[in-house]
Amino acid sequence: MAKPNFQVEDLHVSIEGKEILKGLNLHIRGGEIHAIMGPNGTGKSTLASSLMGHPHYEVTGGRVTLDGQDLLEMSTDERARAGLFLAMQYPSEVPGVSNANFIRQALNARMEEGKEIPVLKFHRTLQEKMKQLNIDPVFAERYLNEGFSGGEKKRNEILQMSMLEPRIAILDEIDSGLDIDALKVVANGVNSMKSDNIGFLIITHYQRLLNYIVPDYVHVMMQGRIVKSGDAKLAEELEAKGYDWLKEELGIEDETVEVDA
Amino acid sequence: MTEANTVSLQVHAVSSAFQEPEWVLRLREDAWQRFTEMPEPRLEKTDLRKRGWETGTFVASPTGVPESVRHYVNNLDHPYALFVDGHLIEVKHTEAQGQQGVIFTDIHTATLKHESLVKEHLASVVKVDDNKWSALSLALFAGGIFLYVPRNVQVDVPFESVHVFTAAQSGTYPRNLIVADELADVKFIDVTFSPEQKEKFTSSHVTEVVAKAGSRVHVGTADEFAKGATYFVTRRALVGKDAVVEWTVSDVSNAFTVELVEDILEGTGARGETRVIGVGYGRQHMDLTASMVHRGRHTESDITMHGALRERANSVFRSCTEIVKGAVGAGSEQHDRMIMIDRTARADAIPMLLIDENDVNRCGHAASVGKIDPNQVYYLMSRGIPQALATQMIIWGYLHDSVEALPSAPLRDLVVARIERELSR
Ligand SMILES: Nc1ncnc2c1ncn2[C@@H]1O[C@H](COP(=O)(O)OP(=O)(O)O)[C@@H](O)[C@H]1O
Ligand SMILES: [Mg+2]
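Residues numbered from 1 in each chain as written. Chains lettered and ligands numbered in written order. Predicted model: local features only at pLDDT ≥ 70, side-chain atom pairs only at ≥ 80, totals over all residues. Heavy atoms only, no water.

### Some words on the sheet that holds strand β5 (residues 69–70) of chain A
Residue and element names in this part refer to chain A.
Part 1 of the reasoning: Read from one edge to the other, the open sheet built from four strands follows the order β2-β1-β4-β5, with strand pairing classed as antiparallel. Only two strands of the sheet have a single neighbouring strand rather than two, namely β2 (18–29) and β5.
Part 2 of the reasoning: Here nine bridges tie strand β1 (residues 5–15) to β2, and the two strands are oriented antiparallel to one another. Paired with Val 8 across the two strands is Leu 26, which belongs to β2. (Pairing = 2+ DSSP bridges. Helix = DSSP H or I, 4+ residues; strand = E, 2+ residues; numbered from the N terminus.)

Written as C-alpha cells, this is what we have:
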C-alpha cells in the first residue's frame with residue numbers, strides 16, 4: 001500500500017460563528033512525525049477536533065485530504081475508517097460499554113460483514129498490547145474510561161491507536177497530566193508503531209514529550225495559524241527561550257485566538 | 001343496574017370456567033361491587049378521563065400458542081406455567097421442587113387444593129380496596145400462579161409464569177401470589193407476550209409477595225403490553241424481619257400503562273431493591289412508580305430506574321421513599337435516569353421523599369432526564385463506529401447492569417431481543 005498522504009490546505013474553522021482557525025496548512029506523509037506546539041488557547045485542539053469532524057466545529061474554508069480522498073465530505077466514522085485517528089485531550093466516559101467491546105466494535109466496523117476478527121485472536125492481541133502499555137489486564141472489561149485516572153485515559157487512547165493501526169494519528173496533549181514513567185510508556189507505544197505506513201501529528205504544549213518522541217518537523221501555532229516551522233531544534237529553542245521570544249520575533253502581542261469585537 | 005348485571009355475568013363466567021369454590025366467587029362478587037362503586041381515581045401525571053373502564057368479554061377457550069412463545073418456553077429448563085388468555089396450557093415441574101414441599105400451581109387450582117394457604121394470603125398485600133384496579137383484579141383474575149416455598153427451603157432454579165394475550169375482545173387479569181416462608185429463598189419470573197393491538201379495554205395485573213422473616217425473594221419480569229388497552233400493573237411485597245425482596249422489572253411496550261412496584265419494609269432489618277428497565281416507543285404512555293415504604297427499624301432500600309424512549313413515547317418515572325415515624329435507622333437510595341432517544345419523546349423523572357422520622361441513616365436521590373450525550377456518540381464514531389451503532393451501544397451500556405440482574409439467561413435473552421428490536425428500528 002502507498003504511504004499515507006495527508007494534506008490540510010488553508011483551513012478555516014469557526015465555533016459558534018467565531019473564527020478560530022484562520023488559514024492553516026499542513027502536509028504529513030507516512031513515516032513522518034510532526035509536532036504542533038503552542039501556548040494555550042491558540043487553536044490546537046480546534047484543529048484536532050475539526051479534522052476528526054466534531055459536530056461543534058464548522059469548517060468555513062479550505063481542503064483536507066487523506067490519500068486524495070476529501071475528508072471534509074465524510075462523517076466522523078467515515079474519516080476514522082479512512083485511516084484517521086485522534087487521541088483526545090478529554091476522552092468521554094461511556095458507562096456499561098466495556099473497553100474490549102468498544103475496541104472490537106471499532107475494528108469490526110472496518111471489516112466486511114462475516115470477516116470480523118475471531119474473538120480469541122482479538123483478546124490475545126488486546127492483552128499483548130495492554131501489557132506493552134503497562135495497562136492492568138482487568139481494564140479490558142472495565143467500562144470505557146469510567147473512573148480512569150488522567151494517565152489511564154491517555155494510555156487507553158494509545159491502546160486504541162495501536163489496535164486500530166491508523167494511517168494518520170493525531171495525539172492531542174497526550175502528555176498532559178502524565179508522570180515521567182507514564183510519559184515514557186506512552187512515547188514507547190508511539191515509537192513502536194513508527195513506520196512508513198503511519199504519519200503522526202503530535203500536539204503538545206511542552207517540549208518534554210519531544211525528548212522521547214523525536215519529531216521530523218515542529219510547527220508553532222498562534223492566533224489560529226502556523227506561524228513558524230522547523231525541525232526538532234525549534235522545539236529545543238522554544239524550551240530554552242520560551243514562547244515570548246518567538247512572539248517578539250514575529251511581532252505578536254496576544255498569541256491566543258482573538259475574539260472579534 | 002343493567003351495567004352491574006352484565007358485568008357480574010362476566011364474574012360468573014370467569015368463576016365457573018375455573019370451577020372455583022364458592023368462597024372465591026364471593027370474593028369476586030364483593031370485589032366487583034367495590035369496583036363499580038369506587039370513584040375514578042385522579043392521577044397527577046396521567047389523564048384517565050378518556051380511558052374508560054370497559055372490561056370486554058371473557059374468552060372461554062384459548063387459541064393456540066404462538067410460535068415465538070413456544071420457542072421461548074421450550075428453552076426453559078426450570079419450572080414454568082404457560083397461560084394463554086388466562087387459561088393454563090401447561091405446567092412443567094422439576095423433581096427437586098416437589099420433594100422439598102414447594103407448591104407451584106396455577107392460582108385457580110390452588111384455591112381448591114391449598115385453600116387455607118390461599119385464603120390466608122390472597123389479597124393480603126394488594127388489597128381489594130387499594131384502588132379501583134385492585135378491586136378489578138380480584139373480581140376478574142384469570143390465570144396466574146400460586147407459589148409457596150416452605151420454611152428454610154432454598155431453591156436455586158427460578159419459577160416462571162408466561163402469559164400470552166391474544167384476544168382483542170377482553171382486558172387481561174393475571175394474578176400471582178408468592179409466599180416465601182421463614183428463611184426460604186426463591187426466584188420468580190413473570191413474562192408477558194401481547195403483540196396484538198387491543199381494543200380500549202382496561203386490564204389489571206397483580207403480583208403480590210409475602211416474604212416472611214429471613215426469606216429472600218427475587219422477582220424478574222419482562223412485560224410487553226399491546227397498544228390500545230389501558231394496563232394497571234401492581235407489584236407489591238410485604239417484607240418481614242431481615243427478609244430481602246428484589247424486583248428487576250422490564251417493560252418494552254407502546255401501551256398506556258400505570259404501574260406500581262412497591263416494597264413494604266415491615267420487619268426490622270428488611271431490605272428492598274428495585275431495578276426498572278423501561279423502553280417505550282410509538283405513543284406509549286407509562287406512569288411508573290417504584291416505591292419503598294420503610295416501617296420497620298433499620299430497613300434499607302435501593303431504587304434504580306433506567307428509561308429509554310423512542311418516537312412519541314411519554315414516560316413518568318417516579319421513585320418514592322417513605323420513612324414512617326418510628327422506622328429509625330432507615331437507609332435509602334434512588335437513582336432515576338431517562339434518555340430520550342428521539343426528539344419527539346418526553347420523559348419525567350420525579351424523586352419523592354416522604355420522611356416522618358428524624359433518625360435516618362442515609363437517604364440519597366439522583367434523577368436526570370436528557371438526550372444521549374453527543375460527545376459520547378462522537379467519541380465512538382471517531383473510532384469508526386457508525387452513528388446508529390454508537391447510539392445503540394451507549395443505550396445498551398446504560399441499561400447493561402439492570403439487564404444483567406434479571407434472574408435467568410432466557411429472560412435476559414428475551415429482554416435483550418425486545419430492546420434490540422426497538423433500538424435498531
Ligand atoms: N467548544 C468550544 N466552544 C467555544 N469556544 C471554544 C470551544 N473550543 C475552543 N474554543 C475557543 O477556541 C479557542 C482555541 O481553543 P483550543 O482550540 O482549545 O486551543 P488550544 O487547544 O490551543 O488550547 C479558544 O479561544 C477557546 O475559547
Ligand atoms: Mg487543547
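Anyway, onward from the coordinates.
### A look at the coordination of the magnesium ion (ligand 2)
Residue and element names in this part refer to chain A.
Part 1 of the reasoning: Listed as protein donors to the magnesium ion (ligand 2) are Ser 45 (OG) and Gln 89 (OE1); their distances from the metal cover 2.1 to 2.5 Å. Here Gln 89 lies in the loop between β6 (84–87) and β7 (94–98) and Ser 45 lies in helix α1 (residues 44–52), a separation of 44 residues in the sequence.
Part 2 of the reasoning: By relative accessible area, which is 25% here, Ser 45 ends up partly exposed.
Part 3 of the reasoning: Residue classification places Gln 89 among the buried positions, given a relative accessible area of 17%. (Donors = N, O, S within 2.8 Å, 3.2 Å for Na, K, Ca; no water. Buried < 20%, exposed > 50% of the residue type's maximum accessible area, 1.4 Å probe, protein only.)

### Digging into the packing of helix α3 (residues 99–108) of chain A against helix α4 (residues 119–132) of chain A
Between two packed helices, both the angle of their axes relative to each other and the distance between the axes serve to describe the pair.
Residue and element names in this part refer to chain A.
Part 1 of the reasoning: Running from N to C, α3 and α4 cross one another at 115°; their axes reach a closest spacing of 11 Å. Considering only the axes of α3 and α4, their crossing is right-handed. Of the residues in α4, those touching α3 at Ala 100, Ile 103, Arg 104 and Leu 107 are Val 119, Phe 122, His 123 and Leu 126.
Part 2 of the reasoning: The residue inventory of the contact of α3 with α4, partitioned by class, reads six nonpolar, one polar and one charged. (Axes fitted to C-alpha atoms, helices over the stretch in contact; angles between N-to-C directions. Left-handed = near helix turned anticlockwise from the far one by under 90°. Contact = heavy atoms within 4.5 Å. Nonpolar A, V, L, I, M, F, W, Y, C, P; charged D, E, K, R; others polar.)

### A look at the packing of aromatic side chains
All names here are of chain B.
Part 1 of the reasoning: Summed over the entire model, instances satisfying the criterion amount to ten aromatic pairs over all chains.
Part 2 of the reasoning: Ring plane angle 50° and centroid distance 4.9 Å describe the contact between Trp 32 and Phe 35, whose orientation is recorded as tilted. One end of the pair, Trp 32, and the other, Phe 35, are both in helix α2 (residues 22–37), three residues apart, so they sit about a helical turn from each other. By the burial criterion, Trp 32 is buried, and Phe 35 matches it.
Part 3 of the reasoning: Within the aromatic cluster, the residues linked to one another by ring pairs are Trp 32, Phe 35, Trp 53, Trp 133 and Phe 232.
Part 4 of the reasoning: Above the face of the Phe 141 ring, Arg 28 is positioned so that its terminal group lies 3.9 Å from the ring centre.
Part 5 of the reasoning: Taking the ring centre of Phe 35 as reference, the NZ or CZ of Lys 132 above it sits at 4.8 Å. (Phe/Tyr/Trp six-rings, centres within 6.5 Å; stacked < 30°, edge-to-face > 60°. Lys NZ or Arg CZ within 6 Å of the ring centre and 35° of its normal.)

The quantities given are spatial measurements derived from coordinates; they are silent on function.
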